[in-house]
Amino acid sequence: MEQGQGVPVDMRKATRLFDLAEAQGNVEALTRKGGLYERGEGVTQDLSKAFEAYEKAANGGGAIAQRTVAEMLADGRGVDRDTKLAIYWYEKALANPNNHWQSDTFKRLAKIYANEKRFLDATRNFKKAVAKGDEEALLCLAEMYSEGQGVPRNMKLAFVLAKLAQRDPVFGAKALELNAKV
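So, how was this worked out
- Residues numbered from 1 in each chain as written.
- Predicted model: local features only at pLDDT ≥ 70, side-chain atom pairs only at ≥ 80, totals over all residues.
- Heavy atoms only, no water.
- 1 Å grid on protein atoms, 1.4 Å probe; cavity = no way out; pocket = protein on both sides within 12 Å on 5 of 7 lines; lining within 4 Å.
- Points joined across faces, edges and corners; volume = space filled by probe spheres on them.
- Helix = DSSP H or I, 4+ residues; strand = E, 2+ residues; numbered from the N terminus.
- Nonpolar A, V, L, I, M, F, W, Y, C, P; charged D, E, K, R; others polar.
- Buried < 20%, exposed > 50% of the residue type's maximum accessible area, 1.4 Å probe, protein only.
- Polar contact = N/O pair within 3.5 Å; in protein donor to acceptor, adjacent residues only side chain to side chain.
- Contact = heavy atoms within 4.5 Å.
- Axes fitted to C-alpha atoms, helices over the stretch in contact; angles between N-to-C directions.
- Parallel < 35°, antiparallel > 145°, perpendicular 65-115°, else oblique.
- Left-handed = near helix turned anticlockwise from the far one by under 90°.

What about the layout of surface pockets?
Within this model, the largest pocket holds a volume of roughly 160 Å³. Considering the residues around the largest pocket, the lining is formed by Lys 111, Ala 114, Asn 115, Phe 119, Phe 126, Cys 140, Glu 143, Met 144, Glu 147 and Gln 149. Those elements that place two or more of their residues in the lining of the largest pocket are α6 (102–115), α7 (119–131) and α8 (135–147). Looking at the lining of the largest pocket, the element that brings in the most residues is α8, giving four residues. Taken together, the residues of the lining of the largest pocket break down into five nonpolar, two polar and three charged.

Considerations on the side chain of Glu 71
With respect to the helices and strands, Glu 71 occurs in helix α4 (residues 63–75). Owing to a relative accessible area of 11%, Glu 71 belongs among the buried residues under this scheme. Among the polar contacts listed, one links the side chain of Glu 71 to the side chain of Arg 108, at a separation of 3.5 Å. Every residue in contact with Glu 71, bar those within four places of it in the chain, is listed here: Arg 77, Tyr 90, Asp 104 and Arg 108.

What about the side chain of Glu 136?
Following the sequence through the fold, Glu 136 ends up in helix α8. When neighbours within four sequence positions are excluded, Glu 136 is seen to be in contact with Lys 107, Lys 111 and Phe 171.

Re the packing of α6 against α7
Relative to each other, α6 and α7 sit at 165 degrees, their axes nearing to 8 Å. In terms of orientation, α6 and α7 fall into the roughly antiparallel class. For the element pair α6 and α7, the recorded crossing hand is left-handed. Where α6 approaches α7, its residues Ser 103, Phe 106, Lys 107, Leu 109, Ala 110, Lys 111, Tyr 113 and Ala 114 are matched on the opposing element by Phe 119, Asp 121, Ala 122, Asn 125, Phe 126, Lys 128 and Ala 129. Partitioned by chemical class, the residues of the contact of α6 with α7 number nine nonpolar, two polar and four charged.

In short, the description is geometric, and any link to function would need to be established separately.
Structural data, given as structure tokens:
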């Protein structure tokens, strides 16, 4: 119903089916229902209802929902901003074996720590994101080394990391800028 596979797209009917699945505690249905409310597909967009559905799914062990709840809490989207609770949910998502977005989750957690001046925690999580192949985290780690935040200041390593980050089409220009500064 939601995607129109073999039947016409009917978002209202999909929403009703998600409600039935929710009543049975189906985590995936709750997560998808949260997405409908977040995007306003077939229902009036309502970020607080989206958060409510995601939170139920997160409490049921849904990895996507755990990460989404953390993002919404970190950004204050549909709910009051709460970085402590966002950290809790990011860490819970990272402990979930079904989290297939670990590099991005590590990076988002690191950014919260960096904003809170918890540089050692930030650096540790940026390193984990880099180990998972996250190019933006590579650039962030280069910045940490250039500023000596959470690690000893090391301009040579900052230069090398920024040089590696230049490969990325999205962050390459920023990496080039950092290399010029270093």
